[in-house]
Each structure stands twice: as structure tokens, then as C-alpha cells.
Amino acid sequence: MKARTIVPAVLGLALAAGLVTWALRRAGGERFVESLAQAEWVYLLPVVLCEIAVHIAKAWKWTGLLAPVKKVRLGSALSAVLVGGAATQVIPLRLDELLRAKVLSDAEDLSSASVLATVAVDRIIEILVLGSLIGVIALAGPPPGALGTAWRVLAVVFGVGVVGLLVFLRLEAPITDRLRAWDGALSGLVTKGADMATDIARTLRAIPSGAALGRVVTGTAVEWGAVIIGYGFVLAAFGITAPLRVPLTLSLGGAAAYGVPNVPGAIGTFEAALVSLLEPLLGLPPADALAIAVTAHLLLTIPVTLAGAAVALHLWVRR
């Protein structure tokens, strides 16, 4: 394995260990265990059901994204989503994206490039959803203090980014033509940038229409709706009834934590993100906030890891 792969992985593991240590020291070992024991586990079964809905919705959305290329079976897409979801929990550097693309391309006889292109589109859709949720929180009732200010700033940044993206798609051809014609300093780097911009524009224009677009929209809505509802049930397990903005905010924090590529399973980053949000949002002590974060993380991790491992074993046996 090359050093450029080993070093980020080691740094990710070190980051995970450091954040877990930080969270546990703030919470206190005994206080954290006491807080964790207060959970009413009957509320956590719906969280698992929400997670099932999330992965089915992801697979349904993916069949819509692939519709212009080929009609893909929902079962094949779901198998790939589960294997990729399990890999997310144990493999750093977000190599799960490559793995789930490989599983689906093999199952449906598709080119890896075509499948990876739809993965890129899926990521863009996810960014748009996250930005939209930030905007909803900023407009409907952001939390007080610095956290509320941060949401408003992020909402403005997202709005500017969307406008810039639309302008770019409109003017992509003349912009990239001018860049490719550049013969001054760093012309090679500029040309590579132009090629990358063309690829991004082509990927964005590949978003399907009609019934396939309906699958993408409904899949996205169910996926994120289930995520938000799941966080609501986790809070209910600890006797907390919170306004909608709280599970909305937690869903954003969880997604951001999993976006850190070097950390397998968002270990440490997930707990740090949720603790940092729960304490100011609900005024919770560190031990209670960490108990909620760890409970949510376990429910996000264990079911998909077991399901993905079972699917991977089944696919390996069939080979």
C-alpha cells in the first residue's frame, strides 16, 4: 500500500481516537454509563425501521439515476447500497463508493464509469439537500447564539453557490473553451481544470427526467425523511420531545461527520458533531449528549454493517 494511502488512513484513525477520548473525558465514564442506561429501548426499534427505509430509498433513487443508462433491478441496487454502507463503517478514505459501484456494475453488466457517474450525481443531490435543510433551519427558527449565526452564514453561502452553479451550467461551454485556449503560465493546469469543469457539467446534465426523475425525488424525500424521523425517535428514547429543528440539525451534523473521508464509520467525528450540537440546542450536560450520540451511532452502524456483510458473503459464495 502506498504512503499517500497509509498516511491519511493513520491520520483518520488518530483523529477518531482523539475525538472519542475528548468526548469521554468531558462526559465522565460513570456519568456517561448512567445516562446511557436511561434510554427506553422500545423507542429504538422504530430507528432501525427508519434505517431500513433509508437504504431502500437510496436503492430506489439509484435506479432512477441509472434509468437513462439501463433499467436496473431494485434488488441489485439495494445489495450494492448495503455492501457500500457496511464498507463505510469499516473502511477509511470513502472507498465504499468504489465498492458499491463495483457490486452494481457486476450485477447488472454495466460499465464502472457509468455507475460512478451516477454516484457523483447522487453526491451532488445530497449536497443540495443538505443546503436546503440549512436554509429551512435558518429561515424557520435557527438556534440562538453562535450556532444560529453559523446556520445563517451557511445558508447564504449555499444560496450563492447554487446561483454560481446555475450560471456555470449556462456558460460552461464558452468558459471552458477560453480556459483551453489559454497559453500563458500554468496552461497545463488550466486545461486540466477546464476538462474537470466539463466533466462536472456533463454529470449534472445527466440527471434524468420524467418517471426516472420521480424515483430520484421520492427516493431522496423518503431517505431524508426517515433520517430525520429516526433522530426524533432517538431523542424520544431519552425522554426528550424536541421541535423539528433539532432532529433536522442532528441529521445535518451526522451527514457532515460521515463526510470526513479519513475516518472509518465516522468514529469520533460523529460523536463530536452531535455532542457539539445537542449541548447548545437542548442545554444537555456532556454525559447525556454523548449517550444520545453513541446510541444514534450504534443504530446507524450495526444494522447496515450486519446486513451488508451478509449480502457480501452471499455474493462471494455465488461466485
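Let us look at the structure shown here.

Each value, and the rule that gives it
Residues numbered from 1 in each chain as written. Predicted model: local features only at pLDDT ≥ 70, side-chain atom pairs only at ≥ 80, totals over all residues. Heavy atoms only, no water. Core = buried A, V, L, I, M, F, W, Y, C linked by side-chain atoms within 4.5 Å. Buried < 20%, exposed > 50% of the residue type's maximum accessible area, 1.4 Å probe, protein only. Helix = DSSP H or I, 4+ residues; strand = E, 2+ residues; numbered from the N terminus. Contact = heavy atoms within 4.5 Å. Salt bridge = Lys/Arg side-chain N within 4 Å of Asp/Glu carboxyl O. Axes fitted to C-alpha atoms, helices over the stretch in contact; angles between N-to-C directions. Parallel < 35°, antiparallel > 145°, perpendicular 65-115°, else oblique. Left-handed = near helix turned anticlockwise from the far one by under 90°. Nonpolar A, V, L, I, M, F, W, Y, C, P; charged D, E, K, R; others polar. Phe/Tyr/Trp six-rings, centres within 6.5 Å; stacked < 30°, edge-to-face > 60°. Lys NZ or Arg CZ within 6 Å of the ring centre and 35° of its normal.

Our next topic: the nonpolar core. Of all hydrophobic cores here, the largest spans 38 residues; its most connected members are Tyr-231, Leu-250, Phe-270, Leu-274, Leu-278 and Ile-292. Elements supplying a minimum of two residues to this core: helix 1 (3-27), helix 3 (45-66), helix 9 (210-237), helix 10 (245-258), helix 11 (269-282) and helix 12 (286-318). In terms of residue count, helix 12 provides more of this core than any other element does, ten residues in total. Among all residues touching Leu-250, those that are not within four sequence positions of it are Tyr-231, Leu-235, Leu-274, Leu-277 and Leu-278. One finds Leu-66, Leu-82, Leu-133 and Val-216 within the second-largest nonpolar core, a separate group that totals 32 residues.

This model, assessed by the stated rule, comprises eight salt bridges. Across the salt bridge formed by Glu-108 and Arg-73, the nearest N and O atoms sit 2.7 Å from each other. Of this pair, Glu-108 sits in helix 5 (residues 96-108) while Arg-73 sits in the loop between helix 3 and helix 4 (74-90), and the two are 35 residues apart along the sequence. One salt bridge in this structure joins Arg-100 and Asp-122, with 3.4 Å as the shortest N-O distance. Residue Arg-100 is found in helix 5, and its partner Asp-122 is found in helix 6 (residues 112-140); the two are separated by 22 residues along the sequence. Across this residue pair, the class does not change: Arg-100 and Asp-122 are buried. Bridged by salt links that share partners, the residues Lys-61, Glu-97, Arg-100, Asp-122, Arg-123, Glu-126 and Glu-223 form one connected network.

This next bit is on the packing of helix 11 against helix 12. Two elements in contact, helix 11 and helix 12, have axes whose closest approach is 9 Å; the angle formed by their N-to-C orientations is 135 degrees. As far as their axial angle goes, helix 12 and helix 11 are oblique. The handedness of the crossing between helix 11 and helix 12 comes out as right-handed. Of the residues in helix 12, those in contact with Phe-270, Glu-271, Leu-274, Val-275, Leu-278 and Glu-279 of helix 11 are Pro-286, Ala-289, Leu-290, Ile-292, Ala-293, Val-294, Ala-296, His-297 and Leu-300. Of the residues in the contact of helix 11 with helix 12, the class split is twelve nonpolar, one polar and two charged.

We now examine the environment of Met-196. By the secondary structure assignment, Met-196 is in helix 8 (residues 187-205). A relative accessible area of 54% means that Met-196 is categorised as exposed. Put simply, Met-196 and Thr-176 are 20 residues apart on the chain and 9.4 Å apart in space, counted from C-alpha to C-alpha.

Of note in this structure, Asp-109 is not a glycine but carries a positive phi near 55 degrees. Tracing the backbone shows Asp-109 in the loop between helix 5 and helix 6. Classification of Asp-109 by relative accessible area gives exposed; the value is 68%.

This next bit is on the packing of aromatic side chains. Scanning the model with the defined rule gives one aromatic pair in all. Lying over the aromatic face of Trp-62, Arg-100 brings its terminal NZ or CZ to 4.7 Å of the ring centre. Positioned above the aromatic ring of Trp-60, the side-chain terminus of Arg-215 is 5.7 Å from the ring centre.

Purely geometric stuff here, so don't read any function into it on its own.
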